[in-house]
Amino acid sequence: MKSFQTSLGTRLVVAFILVVLGATSIPTILQVRALYGRIHEEARRRMISDLEVCSLVLDRKKRTLTRVARSVSHNMYLGRILAHDIQAPAKAEMIKGVGKNSLSDADRAEVSFLTIVDGNGDVLFRSGNEFETLGYNLSSDSFVQEALKGRSAAGYALMDATALWEEGLIENPLPGPGGGPPGLVLKVAAPVFRAPDASNALPGDGRSDAVGAVIAGYYFNGEDDVLRDIFGRTGGVASVYTVDGLVNSTRENWIPTLPREFFTGGKTAERRIRNFLDRGEIGGYMKLRALDGSVAAVFELRTSTAFIASARSQMLKNTIFYSVIGLLLAMLLGLVITRRITGPIRNLQKGAEQIGRGNMDFRIEASGHDEIAQLAESFNVMAARLSQSMREMRQSKQQVEDYSTRLKSAHASLEMYSRELEKVNQQLLDSNIKLQKANEVKDTFLSTVSHELKTPLTTIIGYVSMFLEGALGEISDNQREALEVVLRRGRNLQELIADLLSLSRLDAGRLELRRRYVDLAHELRTVEEVFSERLRQSRLQILMSVPEHLPRVNADSERLGQILFNLVGNAIKFTPSGGTITIRISHPQDANHVIVSVSDTGIGMPRHELSHIFDRFYQVDRRDGREYPGTGLGLAISRELVELHGGRIWAESEPGKGSVFSFTLPIN
């Protein structure tokens, strides 16, 4: 008992702990992961937006340099001076004044250097260097080449130490062949065209000729206003790298982590986002392309993601805290429920032991209305029924013993009855053989009598017809009426004999079909000719509906005519004067049979009669006092002939609305 209680209680407590932990920890962990992912995605989207801001700031700087270069290149005096054939020293002095006067204080703050060259690429003016400018040629510079062709050019470029020193961007290059690492500049070149009214101008063919170029540049190594502007707008650390390393950054002592694949020539995106989880940062990178499309430098924007780790740590702490609270509550609730459940279970166990020992009158005390109390009540009911069943079983046992004695006596009686039944069975077998022989004699009798009656009856009908036609002399009206009655009765008897002969052949299995391909339309015309006189006397109209290209059917034409005669004759008999009989043939598409329907506008019949009208000698019971002569064999013979052809026959009818008899015939 004790071990049972401890085992069940422990399992219940563990179950509660697992349920509570699962209900609190798993959703929380999943929520933390989902929220952590959303925060990272939000940081990524924010970085994409900040990179767009950086691109706009860099583009604005490029537009500013373009404006300054074009402003100087559009100076009328500059165009005239460059277009005139003047000695280089004098031209340089004149352009120096124009260059200094063309730049406002605001323009000087925007550009790091401004250079003016003539049509040969010779340098005539440098804003950042006061030394002698003559003798330096920039015709090999791609920006100058584009400008001298009459096109503006803009892009990022790497300038070696000598070029930087010539522009006055550095004091002295380092000694050695390279002179130090190259510098990164944003460079814009604008063409200078000859003035239209310049006299003694250099040879040219009009306004479209470029006589010089103005180059404006921004030096990233020495200037940081653009990077600081980006820092002020985004709050991230803005840096610029070349393949040689860091160019400039908004943070001092910055440790560069530039992706080298930007400069390897591989296929990389123009912009890229990278997470630095070990440093708690996210970086966005953007390529800065040279005039020829190559990657001159890479711009980097780095922002902190330390708040994500902090939020994750706080959420995990909250998860652990609430899980511990849930664990304690689960243990407390498990102990309470365990005691509530195991107590009644011990009572149930005790009751089961008592009943097992044979104490059927033991009952469990149940309190409350919960499931445990209902279980105890059910146990008591079960015990009561079990006690009742035991009493009934004892009574049943005694009854079974009594029944066993009676069964032994009945078994002896059954053996006697079995022997008598064998005698009766043998008598029935003998009677069945006699009946079969009698049936054969009956069939032979019917066939013989019908055949013997057929010949004299045909003779009688022939002579009566001759009397009615006047072939044997004139007759009176009374004689004519009497002879017509004899003729009708004779024909009815002839039909009965024909039906009996057909049934006899069908029952004996001697009726064989002489199949051939029959034209149904021709058979219908034959039927119409046979019944034409009867239709005229009854004032009935017959209609036929035969589709074109009706296929022939494989049937016995004589038996097919017998089927049609029975159905049409039946329709004529039950259709009042002035009615209509319709014969319709249809061929369903892709079917191997045709459907023949004979419908009338006669008296119809109730629905419950339809299941019996094809039985032998069955006639519909009429309660309106009218008599319809017949033997009730025509429809039965028609059904057996249709089925012998491999078809089926059925009828549809309603009282007062006529009847429709339909049957199918196979084509092949």
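Our subject is the structure that appears above.
Residues numbered from 1 in each chain as written. Predicted model: local features only at pLDDT ≥ 70, side-chain atom pairs only at ≥ 80, totals over all residues. Heavy atoms only, no water.

Undergrad: Account for the overall build of the protein chain, naming residues and giving values.
TA: A count of helices and strands for the protein chain gives 14 helices and 17 strands. Looking at the protein chain as a whole, 38% of its 668 residues qualify as buried. Long-range contacts, defined here as pairs at least 24 residues apart, represent 65% of the contacts in the protein chain between residues at least 6 apart. With an accessible surface of roughly 39400 Å², the protein chain has 53% of that area assigned to carbon and sulfur atoms. (Helix = DSSP H or I, 4+ residues; strand = E, 2+ residues; numbered from the N terminus. Buried < 20%, exposed > 50% of the residue type's maximum accessible area, 1.4 Å probe, protein only. Contact = heavy atoms within 4.5 Å. Areas by Shrake-Rupley, 256 points an atom, 1.4 Å probe, with all protein chains shown as cover.)

Undergrad: Outline the nonpolar core, listing residues and values.
TA: By size, the foremost hydrophobic cluster in this structure holds 48 residues, and its most contacted members are L78, F220, V240 and F299. Ranked by the residues each element gives to this core, the list is headed by helix α1 (residues 2-73), at 10 residues. For V240, the residues in contact, after removing those within four places along its chain, are L184, F220, L227, G245, L246, V247, N248, L288, A297, V298 and F299. Counting residues in hydrophobic clusters, the runner-up holds 40 residues, among them A555, I563, L633 and L665. (Core = buried A, V, L, I, M, F, W, Y, C linked by side-chain atoms within 4.5 Å.)

Undergrad: So what about the pattern of salt bridges? Which residues, and what values?
TA: Following the criterion strictly, the structure yields 17 salt bridges and no others. Note that R126 and E167 form a salt bridge whose closest N and O atoms lie 2.7 Å from each other. Pair noted here: R126 is in strand β2 (residues 123-126) and E167 is in the loop between α6 (161-166) and β4 (183-193), with a separation of 41 residues, a long-range link. Pair check on accessibility: R126 and E167 agree, each one buried. Between R228 and D224 there is a salt bridge; the shortest N-O distance is 3.1 Å. Among the charged side chains, a network of salt bridges with common partners joins E41, E42 and R45. (Salt bridge = Lys/Arg side-chain N within 4 Å of Asp/Glu carboxyl O.)

Undergrad: Got a sec to walk through helix α7 (residues 225-234)? Specific residues and values, please.
TA: Among the residues making up α7, those that are buried are V226, L227, I230 and T234. The buried residues of α7 occupy an angular sector of 100° when projected down its axis, which confines them to one face. Two residues or fewer past α7, G235 is found with a positive phi of approximately 80°. (Arc of directions from axis to C-beta.)

Undergrad: Which residues make up helix α13 (residues 557-573), and what values go with them?
TA: Under the 1.5 Å per step criterion, the end-to-end length of α13 is 24 Å for 17 residues, consistent within 8% with the ideal 24 Å. The buried fraction of α13 amounts to 14 of the 17 residues, a majority that puts the element mostly inside the structure. Where α13 starts, the residue carrying a side-chain oxygen 3.0 Å from the main-chain nitrogen of E558 turns out to be D556. (Expected span 1.5 Å × (residues − 1). Polar contact = N/O pair within 3.5 Å; in protein donor to acceptor, adjacent residues only side chain to side chain.)

Undergrad: I'd like to hear about the sheet that holds strand β6 (residues 237-242), residue by residue, with values.
TA: On the basis of which strands lie adjacent, the open sheet formed by five strands has the order β7-β6-β10-β9-β8 and antiparallel pairing. Strand pairing shows two members of the sheet lacking a second neighbour, β7 (245-249) and β8 (271-276), which therefore form its edges. Here the average twist between neighbouring strands, direction ignored, is 25°. Pairing of β8 with strand β9 (residues 281-289) involves six bridges; the strand directions are antiparallel. Residue pairing for β9: F276 is matched across the bridge by E281. Contacting β6, β7 and β10 (295-304), α7 crosses the sheet at an angle of about 35° to β10. (Pairing = 2+ DSSP bridges. Axes fitted to C-alpha atoms, helices over the stretch in contact; angles between N-to-C directions.)

Undergrad: So what's going on with the side chain of T582? Which residues, and what values?
TA: Here T582 is to be found in strand β14 (residues 580-586). A residue is classified by how much of its surface remains accessible, and T582, at 14% relative accessible area, is buried. With near-sequence residues (within four places) excluded, T582 lies in contact with L543, S597, V598 and S599.

Undergrad: Can you tell me about the environment of V642, naming the residues and giving the values?
TA: Along the chain, V642 turns up in helix α14 (residues 634-644). Distance in space between the C-alpha atoms of V642 and I563 is 7.7 Å, their sequence separation being 79 residues. When near neighbours in sequence (up to four residues on either side) are disregarded, V642 contacts I563, G647, R648, I649, F663 and T664.

Undergrad: Give a detailed account of the packing of helix α11 (residues 520-530) against α13, specifying residues and quantitative values.
TA: Remark: α11 packs on α13, axes separated minimally by 10 Å, with the N-to-C direction vectors making an angle of 50°. What the angle tells us is that α11 and α13 run oblique. Considering how the two elements wind past one another, α11 and α13 form a crossing that is right-handed. Contacts between α11 and α13 pair L520, E523, L524, V527 and V530 from the former with S557, L560, L564, F565 and V568 from the latter. For the contact of α11 with α13, a count of residues per class yields eight nonpolar, one polar and one charged. (Parallel < 35°, antiparallel > 145°, perpendicular 65-115°, else oblique. Left-handed = near helix turned anticlockwise from the far one by under 90°. Nonpolar A, V, L, I, M, F, W, Y, C, P; charged D, E, K, R; others polar.)

Undergrad: Break down the pairing of β2 for me, citing the residues and quoting the values.
TA: The pairing of strand β1 (residues 113-118) with β2 spans three bridges and is classified as antiparallel. Bridge pairing in β2 places I116 opposite F125. Taken together, β1 and the strand that follows it, β2, pair antiparallel across an intervening segment of four residues, in which G121 is found at a positive phi of about 90°.

Undergrad: Talk me through unusual backbone geometry; I want residue IDs and the actual numbers.
TA: Although it is not a glycine, H549 sits at a positive phi angle of roughly 55°. The phi angle at D590 is positive, at roughly 60°, despite the residue not being glycine. Looking at the secondary structure, you find D590 in the loop between β14 and β15 (593-600). The exposure class assigned to D590 is exposed, which follows from its relative accessible area of 78%.

Undergrad: Mind laying out the pairing of β1, listing which residues take part and the relevant values?
TA: Among the six residues in β1, six count as buried, and that is most of the element. Here β1 runs beside strand β5 (residues 210-219); their pairing, made up of six bridges, is antiparallel. Note on β5: the bridge partner recorded for I116 is V214.

Undergrad: If you had to explain the packing of aromatic side chains to someone new, which residues and values would you point to?
TA: Within this structure, the stated rule accounts for four aromatic pairs. Geometrically, the ring pair formed by Y218 and F220 is edge-to-face, given 5.1 Å between the ring centres and 90° between the ring planes. One exposure class covers both Y218 and F220, and it is buried. Aromatic side chains F614 and F661 sit 6.2 Å apart centroid to centroid with 80° between the ring planes, which places their arrangement in the edge-to-face category. Taken together, the residues F614 in the loop between β15 and α14 and F661 in strand β17 (residues 659-666) connect sequence positions 47 residues apart. Exposure class is identical for F614 and F661. Each is buried. Through successive ring pairs, a cluster of aromatic residues spans Y156, Y218 and F220. Just above the ring of Y136 sits the side chain of R126; from NZ or CZ to the centre is 5.6 Å. (Phe/Tyr/Trp six-rings, centres within 6.5 Å; stacked < 30°, edge-to-face > 60°. Lys NZ or Arg CZ within 6 Å of the ring centre and 35° of its normal.)

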